[in-house]
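In case you want the letters, here they are:
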Amino acid sequence: MKHVLSIAVGILVGAALHATAMQKPAPGGYVIEHDSEVAVPEPGTHNGGGETIGYSFFKKVPNLKLVFRKRALKPGSGIGLHEQKEDEIYYVLSGKGVMTLDGKPVDMTPGTAVLTRTGSSHSLKQVGSEDLVIMINYEVEPKP
């Protein structure tokens, strides 16, 4: 009888462990931020000159490997020429600009996406009368 009881207890413990292992992991949650909460007036980055508004979303979130940034370049402003240290994606939401990629000028208009690879060089200049609004994404070492 003891032997049968031991087997029954073993089966129940095994079933409970299996059920626990099969459960979905706890959800990781989410973070919502709005332009108005993160907007910061800044000069054109990389000595690009002029006035921009930087929107660094989720910069205070620990252990995040992705930089997700929006930038509005005011008329005449820009992002200065610099060498890329990591893959970086630019996406134009509105306005017009000229990006110089490894010495070659490329028109930047809404709907244009550019991937700049490690070791390339680029700059971006706003042209026209309306702000050039872009999204920028790249990976970084996460901060605890």
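For the structure itself, look to the data block above.
A few points on the structure. (Residues numbered from 1 in each chain as written. Predicted model: local features only at pLDDT ≥ 70, side-chain atom pairs only at ≥ 80, totals over all residues. Heavy atoms only, no water.)

### As for the pattern of salt bridges
In step 1: For the structure shown, the criterion picks out four salt bridges.
In step 2: The closest approach of N and O atoms between Asp35 and Lys70, which form a salt bridge, is 2.6 Å. Of this pair, Asp35 sits in helix 2 (residues 35–38) while Lys70 sits in strand 3 (residues 66–73), and the two are 35 residues apart along the sequence.
In step 3: In this structure Asp35 comes out as partly exposed when scored by relative accessible area, which is 31%.
In step 4: Of the charged contacts in the structure, one is a salt bridge between Lys74 and Asp131, with a shortest N-O distance of 2.9 Å. Taken together, the residues Lys74 in the loop between strand 3 and strand 4 (78–83) and Asp131 in the loop between strand 9 (121–127) and strand 10 (132–139) connect sequence positions 57 residues apart.
In step 5: Using a relative accessible area of 24% as the deciding quantity, one classes Lys74 as partly exposed. (Salt bridge = Lys/Arg side-chain N within 4 Å of Asp/Glu carboxyl O. Helix = DSSP H or I, 4+ residues; strand = E, 2+ residues; numbered from the N terminus. Buried < 20%, exposed > 50% of the residue type's maximum accessible area, 1.4 Å probe, protein only.)

### With respect to the sheet that holds strand 6 (residues 96–101)
In step 1: An order of 4-9-6-7 is seen for the four strands of this open sheet, with the pairing classed as antiparallel. Looking at which strands have only one partner, the edges of the open sheet turn out to be strand 4 and strand 7 (104–108). Between one strand and the next, the sheet's axes are offset by a mean angle of 20°, whatever the strand orientation.
In step 2: Both strand 4 and strand 9 contribute to a ladder of four bridges, which runs antiparallel. When the sheet's bridge partners are listed, Gly78 is paired in strand 9 with Lys125. (Pairing = 2+ DSSP bridges. Axes fitted to C-alpha atoms, helices over the stretch in contact; angles between N-to-C directions.)

### A short note on the packing of aromatic side chains
In step 1: Evaluation of the coordinates by the stated rule reveals three aromatic pairs.
In step 2: When the ring of Phe57 is compared with that of Phe58, the centres are 6.1 Å apart and the planes differ by 45°; the resulting orientation is tilted.
In step 3: Residue Phe57 is classed as buried on the basis of its relative accessible area, which comes to 10%.
In step 4: Both rings, one in Phe57 and one in Phe68, keep their centres 5.8 Å apart while their planes meet at 50°; by these two values the pair is tilted. With Phe57 in strand 2 (residues 51–57) and Phe68 in strand 3, this pair connects stretches of sequence that are eleven residues apart. (Phe/Tyr/Trp six-rings, centres within 6.5 Å; stacked < 30°, edge-to-face > 60°.)

### Here we look at a nonpolar patch on the surface
In step 1: A cluster of nonpolar side chains, Leu64, Leu66 and Phe68, forms an exposed patch at the surface whose accessible area comes to about 220 Å².
In step 2: Considering the arrangement of structural elements, one finds Leu64 in the loop between strand 2 and strand 3. (Patch = residues over 30% accessible without salt bridge, like charges linked within 9 Å, V, L, I, M, F, W, Y side chains within 5 Å. Areas by Shrake-Rupley, 256 points an atom, 1.4 Å probe, with all protein chains shown as cover.)

### Remarks on the side chain of Ser56
In step 1: One can find Ser56 in strand 2.
In step 2: Here Arg69 takes part through its side chain, which lies 3.0 Å from a polar atom of the side chain of Ser56.
In step 3: Discounting chain neighbours no more than four positions away, the residues touching Ser56 are Glu33, Val38, Phe68 and Arg69. (Polar contact = N/O pair within 3.5 Å; in protein donor to acceptor, adjacent residues only side chain to side chain. Contact = heavy atoms within 4.5 Å.)

### So, the sheet that holds strand 3
In step 1: As summarised here, the arrangement of the six strands in space is 1-2-3-10-5-8, forming an open sheet in which the pairing is antiparallel. Looking along the sheet, the strands with just one partner apiece sit at the ends: strand 1 (39–43) and strand 8 (113–116). Averaged over neighbouring strand pairs, the angle between their axes works out to 25° when direction is ignored.
In step 2: Sheet topology note: the strand 5 (residues 88–94)/strand 10 ladder contains six bridges and is antiparallel. In the sheet register, Tyr91 faces strand 10, and the bridge partner there is Met135.

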